[in-house]
Amino acid sequence: MAGELPTNAEIADRFALLGDLLEIEGAVRHRVLAYRRAAARVRSTPASVAAMAVAGRATDLPDIGATLQSKIAELTETGTIAALDAIRERVPEGLAAIAGLEGIGPKRAVALWRDLGVTDVEQLAQAVADGRLGEVSGFGPATRDRLVEQLAQRAARGADHAERIPLGRALPLAEEIAADLRAAVPGARVEVAGSLRRGRESVHDIDIVAATDRPAALQDALAANTAVERVLSRGDAAMAVATHVGVRIELAIGPPGSFGNLLQHATGSAAHNVRLRELAVRRGLSVSQHGIAGPEGTAAMADEDGVYAALGLAPIPPELREDAGEIEAAQSGPLEPLVALPDIRGELHSHTTWSDGTLGVTAMVEAARALGYGYLAISDHSRSLAMAGGLDADRVRRQWEEIDEENARRSDITVLKATEVDILADGRIDFDDELLAGFDWVTASIHSALTQDAERITRRVLAAVESPFVDTIGHPTGRMLGRRDAAPVDIGRLAEAAARTGTLLEINGQPRRLDLDSQMARRALAAGARLTIGADAHSAEALGYIRFGVLVARRAGARPDQVANTAEWPALAAARAGRLRAAGLY
Ligand SMILES: [Zn+2]
Ligand SMILES: [Zn+2]
């Protein structure tokens, strides 16, 4: 049945188109915005909205009323929405893309249609090439130049066919380029923006914004960057380049005085910015990347916080800007601080050459110490994961001897006897209780039989949650971005059980895992569960993956006290001892 349902993207595309065509037709503003809000909501909902609509539950979502729900149900049952079909008869569909071009908008799109008979972007490109734009009123040289630039970008984008690249690859690249630009033009403000700044797990392109009095020098520096393959387009305030890794970079440059507006605008998300525009309209203001315009003229903000303050909002961290309640929260006062990288006091998930890591215990401990950590858990795999060199009981005990020696030699960091023990296909733990009792920290993970049905795999993970010896469930769904979907673990039941037993749930920071993801972590927190953030490091460098886990936690709205490894080891050990006592052990 699921195969027949329209996807959330299909529903969202239709609502967005309806909104665009209504706007071109001159419909009242609130109808247009209602469809756009609904489109953004449907797109960002993790569950099937079509299934919800059929069950009469889509109205549980914000921004989806009974009318919109009936349209989703209509699309599900008939494959079409009558209201959309009707407006397509009156307004050519291709005008929506034309109106969406910067500097065009609905009125000029209608003028192009009326005066030139242009009904889609391809015809518009042809009209521009033929020099027919002069026949249309309202197209000065500046508008025309901007249009030419955008059409060139669109053509290049089509040829590039850019795919999504993971956060773990895109963010370091973007930061490197931003640093290079700052060095090239001293005094320039340069920041990574877009979905990357919001910590999305994968991105289409890299947005960088800058403020400088020397835009040409900044653009030259970007063109000369070794990561850049070629320049796709270049205007006064905008530039797009292709990189060798395949991701596009878009650089927007503005004056220093309105850098806050530009950064805020370019960070998004679209849904968040739609809501801000609505708030502004209610105050008689209008928000853009240039400033906030009102009856007394346009006020520009050098910093983002100023943009939010002008709309009566407390500052909102980029990771929360998805219109998921953050605006309402910021209306009633400062937001609670989110967990941040400096809060992390130690690493609870790492591997050495004892199993499938690349370094020995001492080298990993040195690397953790260099990060300022107070503790490092050496959590090699257990015996059943033979292909990863999993340890049997004898090797575990020999490893403990090495860890004892390591601890005897140092006072600056505590090395924990830990394990990433397999949760076997039948829900049993790969080590017996006697051995488990000897560890300082136990992470239990699923690595095999990930295709079990939802009920079986959920019960299997729940069995590990119920074990008093298990401290954390590692990468709870086993997903691998781009390779393997999340196993159908029921996160609601998992979170409920974890909240009851005090078992922690990991956000695994490996760029290919990011598991739990931010939506699941949010649900876990709402159910009262607490988290660990782990790098799952198999090398010294990979200890740095913790930052990606922190981004996921921030997107989930996690406070520092909701993440166990923001505590020092003695506090963590005491909490663990309390859990074991509560289970009647010791
Ligand atoms: Zn693992
Ligand atoms: Zn691991």
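Rules used throughout
Going along each chain's sequence as written, the residues are numbered from 1 onward. Following the order in which they are written, the chains are lettered starting with A and the ligands numbered starting with 1. Per-residue local features are limited, in this predicted model, to residues with pLDDT of at least 70; the limit for side-chain atom pairs, both in listing and counting, is 80 or more; totals at the level of whole chains, interfaces and linings are taken over all residues. The side-chain values count all of the structure's non-hydrogen atoms but skip hydrogen atoms and water molecules. Numbering of helices and strands starts at the N terminus; helices are DSSP runs of H or I of at least 4 residues and strands are runs of E of at least 2. Atoms counted for the radius of gyration: C-alpha only. Globule rule: 2.2 Å times residue count to the power 0.38. Buried, partly exposed and exposed residues are distinguished by accessible area as a fraction of the type maximum, computed with a 1.4 Å probe on protein chains only: under 20%, between the cut-offs, and over 50%, respectively. Surface exposure here means Shrake-Rupley accessible area, sampled with a 1.4 Å probe, where a residue is shielded only by the protein chains that are shown. In this tally Asp and Glu are treated as negative and Lys and Arg as positive; neither His nor the chain ends contributes. Taken as the charge location is NZ of Lys, CZ of Arg, CG of Asp or CD of Glu. Domain extents, as shown, originate in an automatic or database domain assignment. Throughout, the accessible surface (probe 1.4 Å) given up by two parts as they are put together, summed over both, is called the buried area. We define a salt bridge as a contact between a side-chain nitrogen of Lys or Arg and a carboxyl oxygen of Asp or Glu at a distance within 4 Å. For the purposes of these results, a polar contact is taken to be a pair of N or O atoms within 3.5 Å, where, inside protein, one atom must be able to donate a hydrogen and its partner to accept one; residues adjacent in sequence count only when each atom of the pair is a side-chain atom. The classification used treats Ala, Val, Leu, Ile, Met, Phe, Trp, Tyr, Cys and Pro as nonpolar, Asp, Glu, Lys and Arg as charged, and all other residues, Gly among them, as polar. Here, residues are in contact when the closest pair of their heavy atoms is within 4.5 Å. Aromatic pairs are defined between Phe, Tyr and Trp rings, using the six-membered ring for Trp, whenever the two ring centres lie within 6.5 Å; interplanar angles under 30 degrees are classed as stacked, those over 60 as edge-to-face, and all others as tilted. Sitting over a ring, as applied to charges here, requires NZ of Lys or CZ of Arg to be within 6 Å of the ring centre and within 35 degrees of the ring normal. Nonpolar cores were defined as sets of buried Ala, Val, Leu, Ile, Met, Phe, Trp, Tyr and Cys residues, with membership established by side-chain atoms within 4.5 Å.

S.K.: So what exactly am I meant to see when it comes to the overall build of the chain here?
M.R.: Along its length, the chain carries 24 helices and 17 strands. The C-alpha atoms of the chain give a radius of gyration of 27 Å, which matches the 25 Å a tight globule of 586 residues would have. On the principal axes, the C-alpha backbone points of the chain span a range of 85 × 60 × 45 Å. A total of 586 residues make up the chain; the buried ones form 51% of that total. Just so you have it, the chain exposes about 25,100 Å², and 51% of that area is on carbon and sulfur atoms. Side chains of the chain carry 65 positive and 81 negative charges; the gap between the two charge centres is 3 Å.

S.K.: It is not clear to me how the domain arrangement of the chain should be interpreted in this structure. Could you clarify?
M.R.: Buried accessible area, meaning the area lost when the parts come together, often serves as the stated size of an interface. We note that the domain assignment places domain 1 (1–91), domain 2 (93–155), domain 3 (165–250), domain 4 (260–331) and domain 5 (341–582) within the chain. Between domain 4 and domain 5, the C-alpha centre-to-centre distance is 39 Å. Carbon and sulfur atoms supply 47% of the area that domain 4 and domain 5 bury against each other, a total of about 420 Å² over both sides. Broken down residue by residue, the surface that domain 4 buries against domain 5 is led by Glu-319, Leu-320 and Glu-322, which jointly contribute 85%. Linking domain 4 with domain 5 are two salt bridges, by the criterion used here. Arg-555 serves as the salt-bridge partner of Glu-322, at 3.0 Å between the closest nitrogen and oxygen. Between domain 4 and domain 5 we count two residue pairs in polar contact (both at pLDDT 80 or more) in total. Partitioned by chemical class, the residues of the side of domain 4 that touches domain 5 number two nonpolar, no polar and two charged.

S.K.: Explanation requested: the side chain of Ser-233 in the structure shown.
M.R.: Within the secondary structure, Ser-233 is located in strand β5 (residues 228–234). The exposure class of Ser-233 is buried, given its relative accessible area of 8%. Excluding its chain neighbours within four sequence positions, the residues that come into contact with Ser-233 are Glu-149, Gln-153, Met-239 and Ala-240.

S.K.: Looking at this model, I keep getting lost on the packing of aromatic side chains. Mind explaining?
M.R.: By convention here, two paired aromatic rings are described through the distance between centres and the angle between planes. Evaluation of the coordinates by the stated rule reveals six aromatic pairs. Ring geometry for Phe-431 and Phe-439: centres 6.0 Å apart, planes at 25°, overall stacked. The structure contains a cluster of three or more aromatic residues connected by ring pairs, namely Tyr-375, Trp-441 and Trp-569. Above the plane of the ring of Phe-139 lies Arg-108, whose end atom (NZ or CZ) is 5.7 Å from the centre.

S.K.: Could you clarify how one ought to interpret the nonpolar core in this entry?
M.R.: Soluble globular proteins tend to pack their nonpolar side chains together in the buried interior. The biggest cluster of nonpolar side chains holds 97 residues, and the ones touching the most others in it are Leu-181, Leu-196, Ile-206, Leu-505 and Leu-516. The element that contributes the greatest number of residues to this core is helix α10 (residues 167–184), accounting for eight residues. Here this core gathers at least three residues from each of two domains, domain 3 (165–250) and domain 5 (341–582). Ala-12, Leu-21, Ala-50 and Leu-151 belong to the second largest nonpolar core, which has 48 residues in total.

S.K.: What exactly am I supposed to notice about the pattern of salt bridges here?
M.R.: Opposite charge on two side chains makes pairing possible when the charged atoms of those side chains draw close. Throughout the structure, instances matching the rule amount to 44 salt bridges. The partner of Arg-369 in a salt bridge is Glu-366, with the nearest N and O atoms 3.4 Å apart. Of this pair, Arg-369 and Glu-366 are both found in helix α17 (residues 361–370), three residues apart, which corresponds to roughly one turn of the helix. A relative accessible area of 36% places Arg-369 in the partly exposed class. The partner of Arg-576 in a salt bridge is Asp-471, with the nearest N and O atoms 2.9 Å apart. Taken together, the positions of Arg-576 in helix α24 (residues 569–582) and Asp-471 in the loop between α20 (454–466) and β15 (472–473) put the pair 105 residues apart, joining distant regions of the chain. Comparing Arg-576 with Asp-471, the two get one shared label, buried. What you see here is one network of salt bridges that share partners, running through Arg-37, Arg-41, Asp-63, Arg-275, Glu-278, Asp-323 and Glu-328.

S.K.: Sorry, what's going on with the environment of Asp-356 here?
M.R.: The residue Asp-356 is located in the loop between β11 (346–347) and α17 in this model. Residue class for Asp-356 comes out partly exposed when judged on its relative accessible area of 30%. Taking the C-alpha atoms as reference, Asp-356 lies 7.6 Å from Asp-380; in sequence the two are 24 residues apart. Setting aside chain neighbours within four positions, we find Asp-356 in contact with His-351, Asp-380, His-381, Ala-388 and His-538. Side chain to side chain, Asp-356 and His-381 meet in a polar contact 3.3 Å long.

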